[in-house]
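# Overview (structure and organization)
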Amino acid sequence: MKSFGRQNVKRAGATAAIAVAVLSATAGCGYIHEQPTTIHYAASDGVHADVADAEFRNLMVIAKDKNSAGRLLGTIINSSDKEMNVTIDTGDATASVKVPADGKVQLEKQETLLNPVGKAPGETLEDTKLSVGPQSTTSNVPVLDGTMEEYQQYMPNLADTQPSNGSSPS
């Protein structure tokens, strides 16, 4: 006659072994699946790109409509020891920015316009060419408008769209 105690111990041991095997198998998904926290991406409204020693960070355009001027926003970083001239070409308009050696230009502080922007807010300037000398890359730069409060102050021709001195337009 078999002891019930021994059978219970064997069952408990088998159950524990199966549980460990199942847990090990499901924990392995982290081994073959990329951790989302390790994925690098632009965590804002703009896009990132690198060309030669230039780094474009959070690049976007603020515009009223596709026929108006659009203001570039973002930062261009120069990691070289020489001043560089950066060109942004959308196909409809081109802008140039001088970036000092080992320096950066914050486009929020230096108004740079694309006129006309060529795309309406909510669209992207597809295949925008970002160039430093003979080297270039393309990026899809988003076009936004002044709907969001943080971008209202950067709308080109702001004086034309808002009343001045608290008076209403006639």
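Residues numbered from 1 in each chain as written. Predicted model: local features only at pLDDT ≥ 70, side-chain atom pairs only at ≥ 80, totals over all residues. Heavy atoms only, no water.

## A word on the overall build of the protein chain
Check the secondary structure of the protein chain and you find four helices and nine strands. Each helix and strand of the protein chain, ordered N terminal to C terminal, gives the series α-α-β-β-β-β-β-β-β-β-β-α-α. Counting across all 170 residues of the protein chain, residues that qualify as buried make up 29%. Sequence separation of 24 or more characterises 52% of the internal contacts of the protein chain that already satisfy a separation of 6 or more. A total accessible area of about 11200 Å² is found for the protein chain, and carbon and sulfur atoms account for 50% of it. (Helix = DSSP H or I, 4+ residues; strand = E, 2+ residues; numbered from the N terminus. Buried < 20%, exposed > 50% of the residue type's maximum accessible area, 1.4 Å probe, protein only. Contact = heavy atoms within 4.5 Å. Areas by Shrake-Rupley, 256 points an atom, 1.4 Å probe, with all protein chains shown as cover.)

## Re the side chain of threonine 90
Along the chain, threonine 90 turns up in the loop between strand 4 (84–89) and strand 5 (94–99). The class of threonine 90 is buried, set by a relative accessible area of 14%. A polar contact is formed between the side chain of threonine 90 and the backbone nitrogen of aspartate 92, at a distance of 3.2 Å. If near-sequence neighbours (up to four positions away) are discounted, threonine 90 is found in contact with Leu114, Val117, Leu125 and Thr128. (Polar contact = N/O pair within 3.5 Å; in protein donor to acceptor, adjacent residues only side chain to side chain.)

## Remarks on the pattern of salt bridges
Counted by the stated rule, this structure contains two salt bridges. Taking the shortest distance from any N to any O, the salt bridge between aspartate 50 and arginine 57 comes out at 3.0 Å. For aspartate 50, a relative accessible area of 48% translates into the label partly exposed. Put simply, glutamate 55 and arginine 57 hold a salt bridge, and the shortest N to O gap is 3.4 Å. Judged by its relative accessible area of 27%, glutamate 55 is partly exposed. (Salt bridge = Lys/Arg side-chain N within 4 Å of Asp/Glu carboxyl O.)

## Focus on the nonpolar core
Counting 26 residues, the largest nonpolar core has Phe56, Leu59, Val61, Leu72, Ile76, Val86 and Ile88 as its most contacted members. If you list the elements that add at least two residues to this core, you get strand 1 (47–51), strand 2 (54–63), strand 3 (70–78), strand 4, strand 5, strand 8 (124–132) and strand 9 (135–144). Looking at this core element by element, the count peaks at five residues for strand 2. Every residue in contact with isoleucine 88, bar those within four places of it in the chain, is listed here: Phe56, Leu72, Ile76, Ala93, Thr94, Ala95, Val97, Leu114, Thr128, Lys129 and Leu130. (Core = buried A, V, L, I, M, F, W, Y, C linked by side-chain atoms within 4.5 Å.)

## Notes on the confidence of the model for the protein chain
Close inspection of predicted coordinates is inappropriate in any region flagged by low pLDDT. With 76% of its residues at a pLDDT of 70 or more, the protein chain has an overall mean of 83. When the criterion is pLDDT under 50, residues 159–170 qualifies, and its contacts beyond four places in sequence or with other chains add up to three contacts. (pLDDT = per-residue confidence, 0-100.)

## Section: the side chain of asparagine 78
Within the secondary structure layout, asparagine 78 lies in strand 3. Classification of asparagine 78 as buried rests on a relative accessible area of 2%. One polar contact links the side chain of asparagine 78 to the main-chain carbonyl oxygen of lysine 82, over a distance of 2.8 Å. From its side chain, asparagine 78 meets the backbone oxygen of proline 100 in a polar contact 3.1 Å long. Discounting chain neighbours no more than four positions away, the residues touching asparagine 78 are Asp53, Glu83, Met84, Val99, Pro100, Ala101, Asp102 and Gly103.

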